[in-house]
Amino acid sequence: MSVWVTKEVMRWGCLCSRRSLWQQSNLMGKKSPKYTSFPSQQLAHIWGTKHHQTCLESNRVSSVRFYSKGTIHSEVLEEKEPLSSPLAKSSLPNENQSEETAPKAIQWTSPLMDQLKSCGSQSDVLELTSKYAPTFKQISSCLTHIWLITKKMSLDNRRYELQLMFEHPGFDVLLQQAMTSVGQMSNEDVAYSLLNMVNLGVPQDSRVIQTFLRNCQENLNDFDEKCLSILASCLRNMEHSNNTDALKDGVRMVVEARLPGIKNVKALQNIMRMFGKDAPMDLKRKFEAKALSMSNHFSLIDSQQMIIAMAAMNLYSKPLLYICSKMIQENINGIPFNLLFKSMQSYRQLKYRDLELLTNFSEHAASMIDIWTKKQVLLFLSVCEKLTFCPAAVMEAFAGKVIENPKALTLQDLLCVVKVYSNLNYDLQHRSQQFLDSLIPALVSYLPKMSSFELLKAVYHMCLLGHFPSALLEPLLQSSTLEKLKSTDPIYLANQEWMFQTVNLCLRIEHPVLPQPLTVPPTLLGAPVLDSGAVIPELSQCLQSVMEDQANTTLQERVLLLGFYFIDGVITKPLPSETDSGGAESRPRIVVICPPHYSFCFGTSHPRGTLALKMRHLKTLGYDPVWVTEQELRSTPEEKRTDFLRDRIFPDHKLKWRN
């Protein structure tokens, strides 16, 4: 390794230097604009206002970063003449050679290209380029092969191999060759080379990256649809800088001018991802119209990638979502898990939910339960939980696997399981206790490795499930654990206080049988946080109308129970018999609440998460809970709202009326 890391190679300055980036402009051949349909006035405006300023931006770049075991080292380089070694000099392509004079057949039958496909590591490629000097056409192929090798590696192996690559002197030589040959490369090779260097982690403020950005700026008008697509894939992963932002502005203008003529769906999707959520709404609508005009020719992969591109752009188009979703539904059995998962994540980001689509996803997942890994099933359940959709068949089948072998789950797996099952309020019925009895020992076994916050999350979700394991509660409420939680980052403090308030409320109301009484110290509860807020005017009016024909029945509105639960209305009915006596607490009490629609599992009236807990607590306190969603109320005609609410609150009244 010491042979590789020579100071002379490190000082060439191919990655960055204090010298002006453009002192070697004689090595970068310029091409005249060929794309006549692009307005030259617009292009002149881009480079007239930003070009002079941004192209000199890298003059201030003076450091180079090398990856080493997951960290980045910085080193200031001295000013040196580049290409100080014979190897680098001999590697330069002939300046007079052009793409036209380099026959493709000769390139693909050269020793370098013949042996490149057999290279199995980054170092193999660099050793090969040190043996055979690559032409300007072959440089892009070498960088592409290095990236293809890298992206197939595991994360840990990738870090190690990238460290070796950055320390290899041949990598500096290859980047130097790329930088000095960029003017002779085709636009496609320039775009691919830039994309691969960014993917490999070459510092974005380095000379080589800035040189390629400058070349793209100069020749942007010559970029065809494919080159623009490759460039867009690269730019969307790049950090903000003057040169990068200026190039993005240029791409935007070119794309707007050429959008009607784009024929490739993948190119359109890559450009949509590059613009992202910050794109102006009028441009988003142009992309929507273009995508709809191409939708008749969408393949399955086109439909999936369009959903992902729409999410990246935050473009909600119901017609486009319907078309793509229909294609996905019809071919669901042929979709690999990763693409299915990404599609579902995109639906969540777009807040798009279709009951038929999600049901098909659930049925497909249930059929794959023995084929998918536990990690894949948990990822599927997790995204379903975020969509507030309960895939019952999958939940049931996976619970069986947990019961069979809970030790096969990692700590994060277990935390995910309790979160999903509690937030969706899934009732395993006769297997519920067996399921919980499997989870508790598995969680307890991880106590030595569990952080205080993870322990709090585990207890919180167990409380939502109506289970209070002392083996987890006691460690949580120990003084040493509570002391650690007092120093929680303010960002997470509100969530921590909410969970502690919920745990404390469960202990107060449900009085679980524990070896010793347990309470949450008031200092960790924070300020009371109401679970709901303002009264809905339509509900208040209807409640008062309902009460007009209810004798000896009282109504209280906007009631706060236990300083925690907000109730829209409490109706106290008379005792069944006149001879009965007792206070208000002994009389039948109905609580009316109007929760948001997302408090229920999608497509059902099944309460989930905190709403399910609220219902459980209200019943424990002797109330009869009745709920009506705001959406239900407002979708009912005004003249029928009172009858609708009366039937919901007093179902016996409806029976009497029918009789």
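Position numbers for residues count from 1 along each chain, tracking the sequence in the order it is written. Only residues with pLDDT of 70 or above have their local features reported here, since the model is predicted, and side-chain atom pairs are shown and tallied only from 80 upward, although totals for entire chains, interfaces and linings are computed over all residues. Hydrogen atoms and water are omitted, and side-chain values are computed over all heavy atoms in the structure.

- Where an unreviewed UniProt entry is consulted, the protein chain appears under the name RAP domain-containing protein, with the organism given as Pagothenia borchgrevinki.

1. Structural notes on the layout of surface pockets
Here is step 1 of the chain: In this analysis a 1.4 Å probe is tested at points of a 1 Å grid over the protein atoms alone, and where it fits but cannot get out there is a cavity; an open set with protein on both sides within 12 Å along at least five of seven lines is a pocket; lining residues have an atom within 4 Å of a point. Grid points are joined across faces, edges and corners, and a volume is the space filled by probe spheres set on the points. Counted as a void, the largest pocket has a volume near 950 Å³.
Here is step 2 of the chain: Along its surface, the largest pocket is lined by 43 residues, and Glu385, Asn423, Tyr460, His461 and Arg608 are the ones closest to its centre.
Here is step 3 of the chain: Mapped onto the lining of the largest pocket, the elements with two or more residues apiece are α18 (337-350), α20 (374-386), α22 (411-423), α24 (452-464), α27 (490-510), β4 (565-572) and α29 (609-620).
Here is step 4 of the chain: Looking at the lining of the largest pocket element by element, the count peaks at 7 residues for α20.
Here is step 5 of the chain: Among the residues making up the lining of the largest pocket, the classes are represented as 21 nonpolar, 11 polar and 11 charged.
Here is step 6 of the chain: Roughly 650 Å³ of internal volume is contained in the second largest pocket.
Here is step 7 of the chain: In terms of lining, the second largest pocket is formed by 24 residues, of which the most central are Leu195, Ser233, Arg236, Lys266 and Asn270.
Here is step 8 of the chain: Where helices and strands are cited, they refer to DSSP runs of H or I of at least four residues and of E of at least two residues respectively, numbered from the N terminus. Within the residue set of the lining of the second largest pocket, elements represented by two or more residues are α7 (136-151), α10 (187-200), α12 (225-235), α14 (265-275) and α16 (300-313). Amino acids outside the nonpolar list (Ala, Val, Leu, Ile, Met, Phe, Trp, Tyr, Cys, Pro) and the charged list (Asp, Glu, Lys, Arg) are all regarded as polar, and Gly is one of them.

2. Let's talk about the pattern of salt bridges
Here is step 1 of the chain: By definition here, a salt bridge exists when the distance from a side-chain nitrogen of Lys or Arg to a carboxyl oxygen of Asp or Glu is within 4 Å. One pass over the full model with this rule turns up 17 salt bridges.
Here is step 2 of the chain: Among the salt bridges present, the one from Arg431 reaches Glu396, with a minimum N-O distance of 3.1 Å. Of this pair, Arg431 sits in the loop between α22 and α23 (432-445) while Glu396 sits in helix α21 (residues 392-404), and the two are 35 residues apart along the sequence.
Here is step 3 of the chain: Exposure is judged per residue with a 1.4 Å probe applied to protein chains only, and the accessible area is read against the type maximum: over 50% gives exposed, under 20% gives buried, and values in between give partly exposed. For Glu396, a relative accessible area of 26% gives the class partly exposed.
Here is step 4 of the chain: In this structure, Arg646 and Asp643 form a salt bridge, with 2.7 Å as the shortest nitrogen-oxygen distance. Of the two residues, Arg646 and Asp643 both sit in helix α31 (residues 641-649), 3 residues apart, roughly one turn of that helix.
Here is step 5 of the chain: Counted as one network, the salt bridges with shared partners bring together Arg252, Glu256 and Lys286.

3. Considerations on the pairing of β4
Here is step 1 of the chain: With 8 of 8 residues buried, β4 is to be regarded as a mostly interior element.
Here is step 2 of the chain: By definition, two strands form a pair when at least two bridges between them are found by DSSP. Here strand β3 (residues 554-561) pairs with β4 via 7 bridges, running antiparallel. Bridge pairing links Leu561 to Tyr565 in β4.
Here is step 3 of the chain: Pairing analysis gives 4 bridges linking β4 to strand β5 (residues 589-593), with the strands arranged antiparallel. Directly across from Ile571, in β5, lies its bridge partner Ile590.

4. A look at the sheet that holds β3
Here is step 1 of the chain: Strand order in the open sheet formed by 4 strands is β3-β4-β5-β6, and the pairing between neighbours is mixed. This sheet does not close on itself; its edge strands, each paired only once, are β3 and β6 (623-627). Geometrically, the sheet is characterised by an average inter-axis angle of 30 degrees between neighbouring strands, direction not taken into account.
Here is step 2 of the chain: In this description, contact between two residues means that some pair of their heavy atoms is separated by no more than 4.5 Å. Interaxial angles span 0 to 180 degrees and are taken between N-to-C directions of axes, which are lines fitted to C-alpha atoms, for helices over the stretch in contact. The sheet contacts of helix α28 (residues 537-547) involve β3, β4 and β5, and relative to β3 the element is tilted by about 140 degrees.

5. What to know about the packing of helix α19 (residues 355-367) against α21
For any two helices packed against each other, one specifies the inter-axial angle together with the distance between the axes.
Here is step 1 of the chain: The interhelical angle for the contact between α19 and α21, taken along N-to-C directions, is 25 degrees, at an axis separation of 8 Å. Classified by the angle between their axes, α19 and α21 sit roughly parallel to one another. The handedness of the crossing between α19 and α21 is left-handed. Of the residues in α21, those in contact with Ser362, Ala365 and Ala366 of α19 are Ala392, Ala393 and Val394.
Here is step 2 of the chain: Classifying every residue of the contact of α19 with α21 gives 5 nonpolar, 1 polar and no charged. Just so you know how the angles are binned, under 35 degrees is roughly parallel, over 145 roughly antiparallel, 65 to 115 roughly perpendicular, and the rest oblique. In this scheme the handedness of a crossing depends on how the near helix is turned from the far one: anticlockwise by less than a right angle means left-handed, clockwise means right-handed.

6. A look at the side chain of Ser362
Here is step 1 of the chain: Turning to its location among the elements, Ser362 is positioned in helix α19.
Here is step 2 of the chain: The exposure class of Ser362 is buried, given its relative accessible area of 8%.
Here is step 3 of the chain: If we ignore the near neighbours within four places in the chain, the residues touching Ser362 are Phe380, Phe389, Pro391, Ala392 and Val394.

7. Let's talk about the packing of helix α11 (residues 207-219) against helix α13 (residues 242-258)
Here is step 1 of the chain: In contact at an axis separation of 10 Å, α11 and α13 are set at 25 degrees when each is read in the N-to-C sense. On the basis of their axis angle, the class for α11 and α13 is roughly parallel. Considering the relative orientation of α11 and α13, their crossing is left-handed. When α11 is examined against α13, the residues Gln210, Leu213, Cys216 and Gln217 are found in contact with a partner set consisting of Asn243, Thr244, Ala246 and Leu247.
Here is step 2 of the chain: Among the residues forming the contact of α11 with α13, the class breakdown is 4 nonpolar, 4 polar and no charged.

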